[in-house]
Amino acid sequence: LTGVPREQRAFQYLLAHAIPGDPRHVLQTFDQWCYHCEHLSCVGPVKGRIVERLLEERAPLRVLELGTYCGYGTVLLARGLPPGARLYTVEGDPRHAAVAEKVIRLAGFDEQTVSSV
């Protein structure tokens, strides 16, 4: 209705409500948006706990994510990486990649931790 894509609307919501530099809060705010405003295809908190457990058990130093979408999974993955690890993420849609890049940086991750390809 507004002409603004829902992914961009979600990012605007994050800007207004999430604590910058706090990946946990960014994910919680994303979940609030998805549950109460508009649906976005995201991992979510239930499956997110499975991902977090796997990251804790495996402690990978490099991770490749194919399909960044809005950056929810990227923030989740980056948050669970051990110190010095690196996440490479790829998104084919330039509009989604632009939103994801802003979400990743809002969560406090720099290019040394998360590289968008």
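Coordinates for the structure precede this section.
What you see is a predicted model; the values in this text were computed from it and never measured.

Colleague: I would appreciate a short explanation of the nonpolar core in the present structure.
Modeller: Soluble globular proteins tend to bury their nonpolar side chains together. Formed by 30 residues in total, the largest nonpolar core has its most connected members in Leu14, Val26, Phe30, Leu40, Leu87, Val103 and Phe109. For this core, the secondary structure elements donating two or more residues are α1 (6–17), α2 (23–36), α4 (72–80) and α5 (94–106). In contact with Val103, not counting residues within four places along its chain, are Phe11, Leu14, Val26, Phe30, Cys70, Gly71 and Val75.

Colleague: How should the packing of α2 against α4 be read in this particular structure?
Modeller: Helix-helix packing: each pair is described by the crossing angle between the helix axes and the interaxial distance. Running from N to C, α2 and α4 point in directions that differ by 150°, and their axes come no closer than 10 Å. Taken as axis vectors, α2 and α4 run roughly antiparallel relative to one another. Where α2 crosses over α4, the handedness of that crossing is left-handed. Between α2 and α4, the residues in contact are Pro23, Arg24, Leu27, Phe30 and Asp31 and Tyr72, Val75, Leu76 and Arg79, respectively. Classifying every residue of the contact of α2 with α4 by side-chain character gives six nonpolar, no polar and three charged.

Colleague: Any chance you could explain a nonpolar patch on the surface here in plain terms?
Modeller: A grouping of Leu64, Leu66, Tyr88 and Val117 is seen on the molecular surface, where their side chains present a nonpolar patch of about 440 Å² in accessible area. Mapped onto the elements, Tyr88 comes out in strand β2 (residues 86–90).

Colleague: Would you take a moment to explain α5 for this structure?
Modeller: Residues three or four positions apart in an α-helix share a direction because the helix packs 3.6 residues into each turn. Under the 1.5 Å per step criterion, the end-to-end length of α5 is 18 Å for 13 residues, consistent within 8% with the ideal 18 Å. Burial in α5 covers these residues: His96, Val99, Ala100, Val103, Ile104 and Leu106. The arc enclosing the buried residues of α5, seen along the axis, measures out at 155°, which places them on a common side. Close packing links the buried residues of α5 with α1, α2, α4, β2 and β3 (114–116).

Colleague: Is there a simple way to explain the pairing of strand β1 (residues 62–66) in this structure?
Modeller: Each regular strand carries side chains that alternate between the two faces of the sheet. Because side chains alternate across β1, one face comprises the buried residues Val63 and Glu65, and the other comprises Arg62, Leu64 and Leu66, none of which is buried. Both β1 and β2 contribute to a ladder of five bridges, which runs parallel. Along β2, the bridge assignment pairs Val63 with Leu87. For the handedness criterion, the β-α-β arrangement of β1, α4 and β2 is classed as right-handed.

The rules behind each value
- Residues numbered from 1 in each chain as written.
- Predicted model: local features only at pLDDT ≥ 70, side-chain atom pairs only at ≥ 80, totals over all residues.
- Heavy atoms only, no water.
- Core = buried A, V, L, I, M, F, W, Y, C linked by side-chain atoms within 4.5 Å.
- Buried < 20%, exposed > 50% of the residue type's maximum accessible area, 1.4 Å probe, protein only.
- Helix = DSSP H or I, 4+ residues; strand = E, 2+ residues; numbered from the N terminus.
- Contact = heavy atoms within 4.5 Å.
- Axes fitted to C-alpha atoms, helices over the stretch in contact; angles between N-to-C directions.
- Parallel < 35°, antiparallel > 145°, perpendicular 65-115°, else oblique.
- Left-handed = near helix turned anticlockwise from the far one by under 90°.
- Nonpolar A, V, L, I, M, F, W, Y, C, P; charged D, E, K, R; others polar.
- Patch = residues over 30% accessible without salt bridge, like charges linked within 9 Å, V, L, I, M, F, W, Y side chains within 5 Å.
- Areas by Shrake-Rupley, 256 points an atom, 1.4 Å probe, with all protein chains shown as cover.
- Salt bridge = Lys/Arg side-chain N within 4 Å of Asp/Glu carboxyl O.
- Expected span 1.5 Å × (residues − 1).
- Arc of directions from axis to C-beta.
- Pairing = 2+ DSSP bridges.
- Right-handed = clockwise from strand over helix to strand, strands pointing away.

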